[in-house]
Structures are given as C-alpha cells and as structure tokens.
Amino acid sequence: MSYLLRIDSSASGEASYSRQVADTFAKDWGGEVITRDLARNPLSHLDSVSITARTTPADQQTPEQRAAAELEDDLIEEFLGASAYLFAVPMYNYSMPSVFKAWLDHIMIPGKTFGMGDADPASGRPAVLVSARGGGYGPGSPQHGKDFLVPALEIILGDALGLDVRTITPELTYAPIMDPLKHLLPLHETSLAEAHDLARRNAADLNRVLTCSVRTEN
Ligand SMILES: Cc1cc2nc3c(=O)[nH]c(=O)nc-3n(C[C@H](O)[C@H](O)[C@H](O)COP(=O)(O)O)c2cc1C
C-alpha cells in the first residue's frame, strides 16, 4: 500500500471544520499520509507559460517553461503515487477555494491524469471529500440547489479522474457565530457530529478495502 495524499485548502488554519473532520479521518487511517497544504503554500495560477510548456518539446522549452513543466510533473507524480485521497475543500462563494482550483488546473492534464478511458491511472482509487459550509444546502433549505462545489468536484474527481468519491459535508458552521442562524445551532452540532462519525467509518472501511486489495495483489 502506498500513501494517502491529503490536500488541504481552508484558509482558516486549525479553526477549519474541514481540516478537523479530515484530521479525524487521517487519525484512523492505517498508513502513511502525505499532506499538501494549498492555503499555507499556494501554487501559482495556470498561465500561458505552463500551458505552452505542455506542448513544447523539452529541448525547445525556455527556462521558464522547463520550470513550469517540472512543477506539473512533480504535482502529477505526487498525485499518481497515492493509493487514496483526502480532500479538505470548504465552500467559498458557492464553489471551491481558488487555491484548490489552481491545484486542479495543474494536475488535470488529458493523457496524463485523465481522458484515457480504461487506462486512466487513478481510476477506481478511493477518495474522501470533506467540505464544510457556513449555510445549509439540504433538501428543503432555502439554499438547496445552490451548492456548486460538491457537484462540480464529484464530476472532476469522480467522472474525469475516475476516483471513487465519498463526500462529507459538515453544514451550518456559521450558526455559532451569526445571530440570524443561532436557532440552527442544534442542526449544526448534529451535522458536525455526523461528519466526524462518517470520517471514522470511512477510514475503517477504506483501511479494510485497501488491506484486502494489497492481499489480493500479493
Ligand atoms: C471567502 C469565503 C466565502 C464563503 N462563501 C460561502 C458560501 O458561499 N456559502 C456558505 O454556505 N458559506 C460560505 N462561507 C463560509 C464557509 O463555508 C464556512 O466558514 C466553512 O466552515 C469554511 O470551511 P472551514 O471551516 O473548513 O474553513 C465562506 C467563507 C469564506 C471565508
């Protein structure tokens, strides 16, 4: 079994609910964890140097293109070297933090990480997505249908990269700090407790699944 690649993207440090639930998963995870914290160490946005480097033969690249190509090669090697993934991606403006989007833009390269059908290299690997949000987006809530993060990531991580994505969404994290949401505090507390519980259960389940697949390969 290789490592779990954990990607953090909340700008709230230790106070982040996504990080705390991801910590619960990682604590029960049986193997090695490699962490990339995109909030503490953000990547540059994708630019013309990176894009042109992808189609310029190595011996014709400028020094800037070579550096850009090396960065993407390193990120992709780190991504493809993992046997499982833990993504902590809070909701920012109904979508994902820009630092996480920048990481995706660097690793989503057709022919390298996806777009090869049955030969997609990460296809079938398990992934846990933890996404805290200030409001509530469940059926019946006023915000229902306005979550543009989880559906987008389930398409990118699930449909495109082929990962087997399990999603955990601690909701209403604004309830403890915003007066108009105070009456929703019990719902927030229940959602958070369920998120930690789901993280523990997913860790136990994936430890079992991956241990079985290592035994089968041997
Ligand atoms: C820049 C920014 C934008 C946000 N946008 C939304 C939003 O669109 N919808 C929402 O429900 N909460 C929003 N929030 C609240 C966060 O989703 C909430 O604080 C969540 O707990 C953040 O995850 P974290 O605790 O893992 O950092 C936003 C917070 C920030 C900092």
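Whatever comes next refers back to the structure up there.
Since the structure is predicted, the reported quantities are computational estimates derived from the model, not experimental observations.

So, the overall build of the protein chain
Looking only at helices and strands, the protein chain has six helices and five strands in total. Overall, the protein chain shows an N-to-C arrangement of helices and strands of β-α-β-α-α-β-α-β-α-β-α. Relative to a compact globule of 218 residues, whose C-alpha radius of gyration would be 17 Å, the protein chain shows 18 Å and is just as compact. When its C-alpha atoms are laid out on the principal axes, the protein chain stretches across 65 × 45 × 30 Å.

Quick notes on the pairing of strand β1 (residues 3-8)
Judged by how many residues are buried, β1 sits mostly within the fold: five of six residues are covered. In terms of strand pairing, β1 meets strand β3 (residues 82-88) through six bridges, oriented parallel. Paired with Ile 7 across the bridge in β3 is Phe 87. Judged from the five bridges that link them, β1 and strand β2 (residues 33-37) form a sheet pairing that is parallel. Bridging from a neighbouring strand, Ile 7 pairs with Arg 36 of β2. Assessed by its sense of winding, the connection that carries the chain from β1 through helix α1 (residues 17-28) to β2 is right-handed.

Quick look at the site of the ligand
Ser 18, Pro 90, Gly 134, Gly 135 and Thr 173 are the nearest of the 16 residues found near the ligand. Here the shell around the ligand is composed, by residue class, of six nonpolar, eight polar and two charged.

Here's the deal with the environment of Pro 121
Topologically, Pro 121 is positioned in the loop between α4 (98-107) and β4 (126-130). C-alpha separation for the pair Pro 121 and Arg 40, spaced 81 residues apart in sequence, amounts to 28 Å. Beyond its immediate sequence surroundings of up to four residues, Pro 121 is in contact with Leu 80 and Thr 113.

Structural notes on the nonpolar core
Counting residues in each nonpolar core, the largest one holds 41 residues, and the members touching the most others are Phe 87, Ala 127 and Leu 129. Taken together, the elements giving at least two residues each to this core come down to β1, α1, β3, α4, β4, α5 (150-160), β5 (164-168) and α6 (185-217). The element best represented in this core is α6, accounting for seven residues. Excluding anything up to four places from it in sequence, Phe 87 contacts Ile 7, Ala 127, Leu 129 and Val 130.

Things to note about the sheet that holds β2
Taking strand neighbours across the sheet as the criterion, the five strands line up as β2-β1-β3-β4-β5 in an open arrangement whose pairing is parallel. Each end of this open sheet is capped by a strand with a single partner; those strands are β2 and β5. When strand polarity is set aside, the average angle formed by the axes of neighbouring strands in this sheet is 20°. The strands touched by α1 are β1, β2, β3, β4 and β5; relative to β3, the strand with the most contacts, the crossing angle is about 150°. Those strands touched by α5 are β4 and β5, and its axis lies near 160° from that of β5.

Comments concerning the packing of helix α2 (residues 48-55) against helix α3 (residues 63-80)
Interaxial distance between α2 and α3 falls to 8 Å at its minimum, and their mutual angle equals 80°. Comparing the axis directions of α2 and α3 gives the class roughly perpendicular. Contacts between α2 and α3 involve Val 49, Ser 50, Thr 52 and Ala 53 from the first element and Glu 64, Gln 65, Ala 68, Ala 69 and Glu 72 from the second.

Focus on unusual backbone geometry
One non-glycine residue, Tyr 94, lies in positive phi territory at about 65°. Following the sequence through the fold, Tyr 94 ends up in the loop between β3 and α4. Classification of Tyr 94 as partly exposed rests on a count of 14 C-beta atoms within 10 Å. In the Ramachandran plot, Leu 172 falls in the positive-phi region, its phi being about 55° despite a non-glycine side chain. For Leu 172, the location among the structural elements is in the loop between β5 and α6.

Brief notes about the environment of Glu 171
Tracing the backbone shows Glu 171 in the loop between β5 and α6. For Glu 171, a count of 27 C-beta atoms within 10 Å translates into the label buried. When sequence neighbours within four positions are dropped, the list of residues in contact with Glu 171 reads Arg 133, Gly 136, Tyr 137, His 188 and Ser 191.

Calculation notes
Residues numbered from 1 in each chain as written. Predicted model: local features only at pLDDT ≥ 70, side-chain atom pairs only at ≥ 80, totals over all residues. Helix = DSSP H or I, 4+ residues; strand = E, 2+ residues; numbered from the N terminus. Rg over C-alpha atoms; globule rule 2.2 N^0.38 Å. Buried ≥ 20, exposed ≤ 12 C-beta atoms within 10 Å, placed from the backbone. Pairing = 2+ DSSP bridges. Right-handed = clockwise from strand over helix to strand, strands pointing away. Near = placed C-beta within 6 Å. Nonpolar A, V, L, I, M, F, W, Y, C, P; charged D, E, K, R; others polar. Contact = placed C-beta atoms within 7 Å. Core = buried A, V, L, I, M, F, W, Y, C linked by C-beta atoms within 7 Å. Axes fitted to C-alpha atoms, helices over the stretch in contact; angles between N-to-C directions. Parallel < 35°, antiparallel > 145°, perpendicular 65-115°, else oblique.

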